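What follows is the residue order along each chain.
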Amino acid sequence: MSERVNMGSRNVAIVGPYLSGKTTLLESLLFVTGVISRKGSVKDGNTVGDSAAESRDRQMTVEVSAACTDYNNTRFTFIDCPGSVEFAQETYNALMGVDAAIVVCEPIRERVLTLAPLFKFLDDWEIPHLVFVNKMDRANIHVLETLHALKAVSSRPLVAHQYPIIQAEQLTGFIDMVSEQAYQYHSGAPADQIPFPEHLKEEEHTARAEMLEALANFDDHLLEELLEDIEPPQEEILKDLKMELGADLVVPVFFGVAEQDYGVRPLLEALLREAPEPETTAERRLKGITSKAPLAQVLKTYYTPQGGKLSLVRVWQGKLTDGIVLNGVRAGGLYRLMGQQQQSVNEAVAGEIVALSRMEGIKTGDTISTEQPKIVLSKALELEPVYALAITPEKRNDEVKLSSAIAKLLEEDPSLAWEQHGDTHEVILWGQGEIHLQVALDRLRRKYNLPMTTHLPQVPYKETIRKPVTSVHGRYKHQSGGHGQFGDVFLDIKPLPRGEGFNFKETIVGGVVPRQYIPGVEIGVREFLAHGPLGFPVVDVAVTLTNGSYHTVDSSEQAFKQAARLAMQTGIPQAQPTLLEPILRVQVTTPSEFTAKVLQLLSGRRGQILGYEGRHDWQGWDNISAYLPQAEMQNFIVELRSLTLGVGSFHWDYDHLQEVPEKLAEKVLASNGNGK
Ligand SMILES: Nc1nc2c(ncn2[C@@H]2O[C@H](COP(=O)(O)OP(=O)(O)O)[C@@H](O)[C@H]2O)c(=O)[nH]1
Ligand SMILES: [Mg+2]
C-alpha cells in the first residue's frame, strides 16, 4: 500500500443478510483493486473478512473486520459485517463510523424482505447506502420481483443505477443508466463496452425515466427539464445522484456476481464518484460540537488471540499520533487492519479508520478525544438480550477467572450480558441467540482457556401461601452440658396481596417475649422463608409474633430464632403453599403480515395478549403487548424469528409473580424433586 499523498478516502460498510455474499464481495473488492493477488473463498476459510477463528469455523462472519485498499487515488476502508440477526450489534456499531454502506442481497424475495430492520437503522441514522444485488448467476433470478421486494422494505425510493443484461438466465453485462452505455462482463478481466442491445431499448428507457423521476423529486431543475422533455446532461444526473445518496434520499441499485467479480468495478466507481467524502459525513455527525480537538469513536473492540486489546476507531476530527492520550488513556500503537493482520502506522487523520492498541477501559461505542470534559457522540442502540444459557466452568478452579474474561467479552460485544442469579445462584449468559452465545463460549475457551458447560437456566420460581394460620406454636428446648437453650413463640401467618413481599410484626404484651429476643424471631422467620417447603423462596406473607415464653437463664436470641423456624416449619405447610412464577411483560415487534401467527405463538405459550397496534414509526410493522411466563421465554426468540423471516424481535421486562396453574405446578415440583 502506498503512502498517502493528498489521497481521498471512503469508509464503506458491507452489510446485508447472512449468506448474501458480503465476505465474498469484500474479497473481490480487494482483488480487483490489487491489494490481494489471489482470492480466498468462504468455503476454504481463507478470506480476509472471515479471518477470525470463530468465523472460519462456521463459514459465517461473526464479527466485523476491516480491510483497506487503494483505488484511483482513494483509500477505501471496507468493513465486512455479519449478516445474522444474532450479530446485528456488530453491524450497527460499525455503521456508526462509515461514509456509506453497500447493502448486499440475493435476488430472492424472501431474503430481501429480511432487510427491513437494516434499512430502518440506515434511514434512522441517515446513513447513505446503495444496494448490490449479488448472485445474479443463480438460476431463476427475478429482477422485477427483487426490485419490488426492495421497494417494499425501503422507506427511501430506489433508483436503478444499472440495467442488468441477462442472457439465458445469466447476468452477462449491464447498461449504465447515467451514460446509457452497455458493458459485457468477462471472467477474470474488466468489462468491455459493447453496442447498446437494441432489444432492451424500450425496457431500459422506461427504467431510466423512472430513475430520473425519482431523482427529480429532490431537484426542481431536473424536474423542469423532464417536464419540457429536455435530456439532462450526465453531469447533472451524477451531481443529483451524489447529493441524494449523500443525504440518504435515494438508494441506487447495482447488480453483480461477487464470486466472479462481475459488477464490482462499477460499484467501486460509483462509490468513488457518488459516496460522500469523509468530511461530509463528519459534518453531519459532529453537528453542534464546537471543539476542534482530535476526536474518534470506537466501532469495535477486539481482544486478539495474542491477548492484546485493539480498538477499531473512526477518526472524526484532528490527527491521532502514536502515543496520543485519549480520554486519559495512552494509545499503545496505531494500526491499519487487513482482516486479522495489522500494519503499524505513525498517524491517522480525520476520515480514516484505524485500530488503537491497549486502550484499557475504553469500550465499543465510546467517543474518545484529547478534550476534557469528554465529548460524547451518539452511539448505536444496544440490543437487549433475548436468549439465555446458564454456564459453569468445566474446571472448578476457573470460577475466579470467569468474571474478568466475561468483562472482556462484553467490551468486545455490548449485546452480551451476564448475571449471577440471586435465587438460583447460576451464572447466566445473555445474548441474541444460540449461535451468538456459542461464539461467546468459543471465545472463552479459545482466548481465555475457559471451557464451559451449559444448561438451560432454571426458572426463578417462588412460593406463597393461600390461607392464614394462627397461633402456630414453635418451641426450641435444648439441654447440652451447662446451660440450655430455650425459646418459645406463637406466630400468626397470613398471605399478603401479590407483590407485597414480606412483613413482620409483633403484638407481645407483658414482656412474655423480651424485647432483645424479638429480632431473633424475625431472623428465624426470614431464614425459613428463603427456602420454603416447595423448594423456593416464600414471598407475600405477613408473620406476627403474638405470644411466647422465655427462661431467665436459657433463653437467647439464637434460641428464639430456632423457635421461630420451628413454628414456620409447622405453619407454612398448613397454609396451602402454592407455586408462583415470574411473568414478563413483552413487547413483540413484527411485520403486520405475521401478527396473527405471533399472537398464536404467544397464546400457545400461555401468553396473555394485552393488545396490539401498528407502529407509528415503522409502516407495516406492529407492536404486540403481552404477559408471558418466564418459563416460556427460553426458546421464544427462536420461534419468533422462524415465524417472521428472522426479523421479529421483542423487548421484555419482569412484571409480576403469578400462581402457576395446578397441573403445571405438579410437573415443575416433580421435576424439581419436590424442591427438597
Ligand atoms: N453463486 C454465487 N455464490 C456466491 C456469490 N457470492 C457469494 N457466493 C457464495 O455464497 C455463500 C455465502 O457467501 P459469503 O460471502 O460468506 O456471504 P455473507 O454471509 O454475506 O458474508 C458462499 O458459499 C459463497 O461462495 C455469487 O456471486 N454467486
Ligand atoms: Mg460474511
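Residues numbered from 1 in each chain as written. Chains lettered and ligands numbered in written order. Predicted model: local features only at pLDDT ≥ 70, side-chain atom pairs only at ≥ 80, totals over all residues. Heavy atoms only, no water.

As for the overall build of the protein chain
Across its full length, the protein chain holds 18 helices and 34 strands. Oriented by its inertia axes, the alpha-carbon framework of the protein chain measures out at about 110 × 55 × 50 Å. In the protein chain, which comprises 676 residues, the proportion classed as buried is 56%. Considering only residue pairs separated by 6 or more positions, the protein chain has 73% of its internal contacts joining residues 24 or more positions apart. Within the structure as shown, the protein chain displays about 29300 Å² of accessible surface, and the carbon and sulfur contribution to it stands at 49%. Across the protein chain, the centroid of the 65 positively charged side chains sits 9 Å from that of the 89 negatively charged ones. (Helix = DSSP H or I, 4+ residues; strand = E, 2+ residues; numbered from the N terminus. Buried < 20%, exposed > 50% of the residue type's maximum accessible area, 1.4 Å probe, protein only. Contact = heavy atoms within 4.5 Å. Areas by Shrake-Rupley, 256 points an atom, 1.4 Å probe, with all protein chains shown as cover. Lys, Arg positive; Asp, Glu negative; His and termini not counted. Charge placed at Lys NZ, Arg CZ, Asp CG, Glu CD.)

A look at unusual backbone geometry
Note: most peptide bonds trans; most residues except glycine with negative phi. You will see that E126, though not glycine, has its phi angle at about 50°, which is positive. Its identity is not glycine, yet D248 carries a phi of approximately 50°, on the positive side. Mapped onto the fold, D248 is located in the loop between α9 (234-246) and β11 (251-255).

Looking at the site of ligand 1
Taken together, 16 residues sit near ligand 1, with L19, G21, K22, T24 and E259 positioned nearest. T23 places a polar side-chain atom, nitrogen or oxygen, 2.9 Å from an oxygen atom of ligand 1. N134 has a polar side-chain atom sitting 3.1 Å from an oxygen atom of ligand 1. For ligand 1, the accessible surface in isolation is 580 Å², of which the surrounding protein chains cover 83%. For the shell around ligand 1, the per-class residue count stands at 6 nonpolar, 6 polar and 4 charged. (Near = heavy atom within 4 Å. Polar contact = N/O pair within 3.5 Å; in protein donor to acceptor, adjacent residues only side chain to side chain. Nonpolar A, V, L, I, M, F, W, Y, C, P; charged D, E, K, R; others polar.)

Let's talk about the side chain of T644
In this structure, T644 sits in the loop between α17 (636-643) and β34 (649-659). Assessed through its relative accessible area of 0%, T644 is described here as buried. A distance of 2.8 Å separates a polar atom in the side chain of T644 from the backbone nitrogen of G648. Setting aside anything within four residues of it in sequence, one finds T644 in contact with T590, F594 and V598.

Things to note about the sheet that holds strand β25 (residues 452-455)
Strand order in the open sheet formed by 4 strands is β23-β24-β22-β25, with antiparallel pairing between adjacent strands. In the strand order of this sheet, the two ends are held by β23 (417-420) and β25, each with one partner. Mean inter-strand twist for the sheet, computed between neighbouring axes without regard to direction, equals 35°. When strand β22 (residues 387-393) meets β25, the two strands line up antiparallel, connected through 4 bridges. In the strand pairing of β25, A390 is matched with H455. (Pairing = 2+ DSSP bridges. Axes fitted to C-alpha atoms, helices over the stretch in contact; angles between N-to-C directions.)

Some words on the packing of helix α7 (residues 201-216) against helix α8 (residues 220-227)
A pair of packed helices is captured by two measures, namely the crossing angle of their axes and the spacing between those axes. Running from N to C, α7 and α8 cross one another at 140°; their axes reach a closest spacing of 8 Å. With respect to each other, α7 and α8 are oriented oblique. Counting all contacts with α7, which are made through L212, E213, L215 and A216, the residues of α8 involved are D220, L222, L223 and L226. Classifying every residue of the contact of α7 with α8 by side-chain character gives 6 nonpolar, no polar and 2 charged. (Parallel < 35°, antiparallel > 145°, perpendicular 65-115°, else oblique.)

Things to note about the layout of surface pockets
Estimates place the volume of the largest pocket at around 1300 Å³. Along the wall of the largest pocket there are 46 residues; nearest its centre are V85, Y92, P117, G646 and V647. Within the residue set of the lining of the largest pocket, elements represented by two or more residues are α3 (88-95), α4 (109-113), α5 (116-124), β31 (577-591), β33 (621-629), α17 and β34. Here the lining of the largest pocket takes 5 residues from α5, the largest share from any one element. When we break the lining of the largest pocket down by domain, the ones giving at least three residues each are domain 1 (8-278) and domain 5 (582-663). (1 Å grid on protein atoms, 1.4 Å probe; cavity = no way out; pocket = protein on both sides within 12 Å on 5 of 7 lines; lining within 4 Å. Points joined across faces, edges and corners; volume = space filled by probe spheres on them. Domains from an automatic or database assignment.)

So, the coordination of the magnesium ion (ligand 2)
Those protein atoms acting as donors to the magnesium ion (ligand 2) are T23 (OG1) and T61 (OG1), and they sit at 2.0 to 2.1 Å. A residue pair is termed long-range when its members are at least 10 positions apart, and T23 in helix α1 (residues 22-32) and T61 in the loop between α2 (53-58) and β2 (65-71) qualify at 38 residues. Note on accessibility: T23 and T61 belong to one class, buried. (Donors = N, O, S within 2.8 Å, 3.2 Å for Na, K, Ca; no water.)

Digging into the domain arrangement of the protein chain
By a widely used convention, the size of an interface equals the accessible area lost when the partners come together. Domain boundaries assigned for the protein chain yield domain 1 (8-278), domain 2 (286-369), domain 3 (387-455), domain 4 (463-575) and domain 5 (582-663). Each of domain 1 and domain 4 was reduced to a C-alpha centroid, and the two centroids are 72 Å apart.

So, the sheet that holds strand β27 (residues 469-478)
Spatial ordering of the open sheet is given by β27-β28-β30-β29, a layout of 4 strands whose pairing is mixed. Taken across any chain shown, the strands that pair with only one partner, and hence form the sheet edges, are β27 and β29 (502-506). Each neighbouring strand pair of the sheet contributes to a mean axis angle of 25°, computed without reference to strand direction. Note that β29 and strand β30 (residues 541-549) share 5 bridges and pair parallel.

Digging into the packing of aromatic side chains
Within this structure, the stated rule accounts for 11 aromatic pairs. Measuring from ring centre to ring centre gives 5.6 Å for Y461 and F536, while their planes differ by 65°; the resulting arrangement is edge-to-face. Residue Y461 is located in the loop between β25 and β26 (462-465), and its partner F536 is located in the loop between α14 (518-529) and β30; the two are separated by 75 residues in the primary sequence. Grouping aromatic residues by their ring pairs yields a cluster made of F174, Y183, Y185 and Y262. Sitting over the ring of W316, R314 keeps its end group 4.1 Å from the ring centre. (Phe/Tyr/Trp six-rings, centres within 6.5 Å; stacked < 30°, edge-to-face > 60°. Lys NZ or Arg CZ within 6 Å of the ring centre and 35° of its normal.)

Topic: helix α12 (residues 399-412)
For α12, built from 14 residues, the straight-helix expectation of 20 Å at 1.5 Å per residue is met to within 8% by its first-to-last C-alpha distance of 21 Å. Listed as buried for α12 are L402, A405, I406, L409, E411 and E412. (Expected span 1.5 Å × (residues − 1).)

Things to note about the packing of α14 against helix α15 (residues 557-574)
At a minimum axis distance of 7 Å, the contact between α14 and α15 shows a crossing angle of 45°. By the angle class used here, α14 and α15 are oblique. Seen from above, α14 lies across α15 with right-handed handedness. Together, P519, G520, V521, I523, G524, V525, E527, F528 and L529 of α14 and E557, F560, K561, A564, R565, M568, Q569 and I572 of α15 make up the contact between the two elements. Classifying every residue of the contact of α14 with α15 by side-chain character gives 10 nonpolar, 3 polar and 4 charged. (Left-handed = near helix turned anticlockwise from the far one by under 90°.)

Examining the pattern of salt bridges
Applying the stated criterion across every chain, the model contains 43 salt bridges. Among the ionic pairs, E63 bridges to R443, the shortest N-O distance being 3.0 Å. Note that E63 is positioned in the loop between α2 and β2 and R443 in helix α13 (residues 434-448), a separation of 380 residues in sequence. In this structure, E63 and R443 share a single accessibility class: buried. Here R606 ties to E581 by a salt bridge, and the two come within 2.7 Å at their closest N and O atoms. Pair noted here: R606 is in the loop between α16 (595-604) and β32 (608-614) and E581 is in strand β31, with a separation of 25 residues, a long-range link. Looking at E581, the relative accessible area reads 2%, which means it is buried. Linked by salt bridges that have partners in common, E106, R111, K135 and R138 make up one network. (Salt bridge = Lys/Arg side-chain N within 4 Å of Asp/Glu carboxyl O.)

Let's talk about the nonpolar core
Membership of the largest hydrophobic core comes to 55 residues, with the highest contact counts inside it found for I79, L95, L115, V131 and L150. Here I79 is in contact with V12, A13, I14, V64, S65, A66, A94, V98, L299, L312 and I353, once residues within four sequence places are set aside. Residues I391, L441, A626 and W652 belong to the second largest nonpolar core, which totals 38 residues. (Core = buried A, V, L, I, M, F, W, Y, C linked by side-chain atoms within 4.5 Å.)

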